[in-house]
There are 2 protein chains.
Amino acid sequence: MPASFPTDSSQNSQSQRILWLLEELGIEYKVSHYARDKGHRAPPEMKEVQELGKSPILVTGDGRAITESTTIATYLIKTYDTGGKLASEDWVKDDMLTSFAGATLGPLAAVELLFDLASNQTPWPAVYIMRGIWKVVKKQFSEAEFKKDLAYLEGELGENEWFNGKNLGKCDIILSYPIDMMAQRKWVDFESEYPRIAAWRKRIEERDAWKRGLEKGNGYSLLFGS
Amino acid sequence: MPASFPTDSSQNSQSQRILWLLEELGIEYKVSHYARDKGHRAPPEMKEVQELGKSPILVTGDGRAITESTTIATYLIKTYDTGGKLASEDWVKDDMLTSFAGATLGPLAAVELLFDLASNQTPWPAVYIMRGIWKVVKKQFSEAEFKKDLAYLEGELGENEWFNGKNLGKCDIILSYPIDMMAQRKWVDFESEYPRIAAWRKRIEERDAWKRGLEKGNGYSLLFGS
């Protein structure tokens, strides 16, 4: 039962982590690329696949369109991981960290990204006002939150290779995107501040399935709008 | 096996939906209130319960601290809902909508909330600049996103009483918070624009378990910072 995987062809897509998972599980799938429009939004044609028109979408073998990366990952693991390659070693921890990536890091990253993009795109001289506001937001809110959240993650990883424990799990797949966003956009210097997370990122990048996912996708630079 | 439920005592807590679920399932639990500090942050004492120090936290009967509302809900339903009162009628849909509340509506609401708070707290005359920026953000980003996301939710509810289907489910519990935030802060007029969601909100408010949750909590006004 092959799955179909419509994705936009921009480089800022969240699709890489799903391509990675598809490759880890050796699932047969077909990628459909869609070009983003000028406004960095997913193109109207994607709305024909699913009304939100937002990448990633997984179309299952029997034609159901699934959105939300976490749900796609849960579906793929439930359906195809019969050997338990990505089985949760502690389901509460796996679930907490998976939710943490979307519901805790997600809003924090959204605010940071908004100012990061605005600071690059606001015309002179208003850009100084925007950068000033970003500074205040950082000082009063996001800087302390990032520190607390990443110190927590560094501790959850501990001496393990993966957040799931001895083996890769769903939480590792889902955490890869927000953490790569922070690293690539230089919001956080993982090498110097969170060496365990930095080493975890390297372990991911060395995996064959990760590399195969990159080849099937269309680049993975999260530096859009810079 | 009673659960313990440390929560901050501010009115802007995300705890109401978990209190509601505890009441729906008839679980024996103890609420510990913590006062927030001036900066609207959870107090340092909460960090002794769990290092992120953020409400809600559930401490299980055997002493484990669980964070992330979605994980708490999953844990409570798995552990205590032996009769299947909140069983998923379609697990993919239940999971998609649960994830959608945190990972899609969450970031959108975070950006909106930031400007909502900033517009109320920025001193004159800088407040005009802040409101001007908010207007641009709305026009270029959040207004269209809210519309698309809420039209999708209105359609997912359809003729059903609950997002889960005939019966209340996890996704209903988790969606209640971001939707109440939008309604209470008047970002969206559900009555006129999304009548099905408005009727769903009324059905929630009429439930005895919801009302009992409100009594155990400490108010549920999401108008903080106004």
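About the thresholds
Residues numbered from 1 in each chain as written. Chains lettered and ligands numbered in written order. Predicted model: local features only at pLDDT ≥ 70, side-chain atom pairs only at ≥ 80, totals over all residues. Helix = DSSP H or I, 4+ residues; strand = E, 2+ residues; numbered from the N terminus. Rg over C-alpha atoms; globule rule 2.2 N^0.38 Å. Contact = placed C-beta atoms within 7 Å. Core = buried A, V, L, I, M, F, W, Y, C linked by C-beta atoms within 7 Å. Buried ≥ 20, exposed ≤ 12 C-beta atoms within 10 Å, placed from the backbone. Axes fitted to C-alpha atoms, helices over the stretch in contact; angles between N-to-C directions. Parallel < 35°, antiparallel > 145°, perpendicular 65-115°, else oblique. Left-handed = near helix turned anticlockwise from the far one by under 90°. Nonpolar A, V, L, I, M, F, W, Y, C, P; charged D, E, K, R; others polar. Least-squares fit on C-alpha atoms with pLDDT ≥ 70 in both. pLDDT = per-residue confidence, 0-100. Domains from an automatic or database assignment.

Enquirer: Help me get a handle on the overall build of chain A, residues and values and all.
Expert: When helices and strands are counted, chain A shows nine helices and four strands. The helix and strand sequence of chain A, counted from the amino end, reads β-α-β-α-β-β-α-α-α-α-α-α-α. Computed over its C-alpha atoms, the radius of gyration of chain A comes to 18 Å, within 12% of the 17 Å expected for a compact globule of 226 residues. If one aligns the C-alpha atoms of chain A with their principal axes, the spans along those axes are about 55 × 45 × 25 Å. Contacts spanning at least 24 positions in sequence make up 71% of the contacts within chain A whose residues lie at least 6 apart.

Enquirer: How would you sum up the nonpolar core? Please name residues and give values.
Expert: Membership of the largest hydrophobic core comes to 93 residues, with the highest contact counts inside it found for Leu58(A), Ala73(A), Leu58(B) and Ala73(B). In this view, Ala73(B) contacts Ile18(B), Leu21(B), Lys170(B), Ile173(B) and Ile174(B); residues no more than four positions away in its chain are not counted.

Enquirer: Just give me the short version of the packing of helix 4 (residues 91-121) of chain A against helix 5 (residues 126-157) of chain A, but keep the residues and values in it.
Expert: Residue and element names in this part refer to chain A. Running from N to C, helix 4 and helix 5 cross one another at 160°; their axes reach a closest spacing of 9 Å. Between helix 4 and helix 5, the crossing angle belongs to the class labelled roughly antiparallel. Crossing of helix 4 over helix 5 shows left-handed handedness. Contact residues: helix 4 offers Leu 97, Thr 104, Leu 105, Leu 108, Val 111, Glu 112, Phe 115, Ala 118 and Ser 119, while helix 5 offers Val 127, Met 130, Arg 131, Trp 134, Val 137, Ser 142, Glu 145, Phe 146, Asp 149 and Glu 156. A breakdown of the residues in the contact of helix 4 with helix 5 according to their chemical character gives eleven nonpolar, three polar and five charged.

Enquirer: Any details on the relation of the copies chain B and chain A? Residues and values, ideally.
Expert: Applying a rotation about an axis and a shift along it to one chain copy brings it onto the other copy. Mapping chain B onto chain A calls for a rotation angle of 180° and an axial translation of 0.0 Å; the resulting RMSD is 0.0 Å. This pairing of chains is accounted for by a two-fold axis. Among all C-alpha atoms of chain B, that of Pro107(B) lies closest to the rotation axis, at 1.9 Å.

Enquirer: Explain the confidence of the model for chain A to me, and be specific about the residues and the numbers.
Expert: Residues of chain A with pLDDT of at least 70 account for 93%, and the chain-wide mean is 90. Our summary of model confidence lists the complex with pTM equal to 0.93 and ipTM equal to 0.92.

Enquirer: Can you tell me about the domain arrangement of chain A, naming the residues and giving the values?
Expert: Residue and element names in this part refer to chain A. The domain architecture assigned to chain A consists of domain 1 (3-85) and domain 2 (91-207). A C-alpha centroid distance of 22 Å is found between domain 1 and domain 2. Each partner contributes to the interface: domain 1 provides nine residues, whereas domain 2 provides seven residues. At the level of elements, helix 1 (16-24) and helix 3 (69-80) are the ones that each hand at least two residues to the side of domain 1 that touches domain 2. A per-element tally of the side of domain 1 that touches domain 2 places helix 3 first, with five residues.

Enquirer: Help me get a handle on the packing of helix 3 (residues 69-80) of chain B against helix 6 (residues 170-184) of chain B, residues and values and all.
Expert: Residues and elements named next belong to chain B. Between helix 3 and helix 6, the least distance of the axes is 10 Å, while the angle of their chain directions is 150°. With respect to each other, helix 3 and helix 6 are oriented roughly antiparallel. Here helix 3 and helix 6 pass one another in a crossing that is right-handed. Seen from helix 3, the contacting residues are Ser 69, Thr 70, Ala 73, Thr 74 and Ile 77; seen from helix 6, they are Lys 170, Ile 173 and Ile 174. Its residues assigned to classes, the contact of helix 3 with helix 6 comprises four nonpolar, three polar and one charged.

Enquirer: Requested: an account of the interface of chain B and chain A, with residues and values cited.
Expert: Taken together, the contact between chain B and chain A spans 25 residues of the former and 25 residues of the latter. Breaking the side of chain B that touches chain A down by element, the ones donating at least two residues are helix 3, helix 4 (91-121) and helix 5 (126-157) of chain B. Among the elements that line the side of chain B that touches chain A, the one with the most residues is helix 4 of chain B, at twelve residues. Classifying every residue of the side of chain B that touches chain A gives 14 nonpolar, seven polar and four charged.

Enquirer: Which residues make up unusual backbone geometry, and what are the values?
Expert: Residue and element names in this part refer to chain A. Cis geometry is found at the peptide bond from Ser 55 to Pro 56, where omega equals -5°. Non-glycine residue Glu 68 carries a positive phi angle of around 70°. Mapped onto the elements, Glu 68 comes out in the loop between strand 4 (65-66) and helix 3. Residue Glu 68 is classed as buried on the basis of its C-beta count, with 26 C-beta atoms lying within 10 Å.

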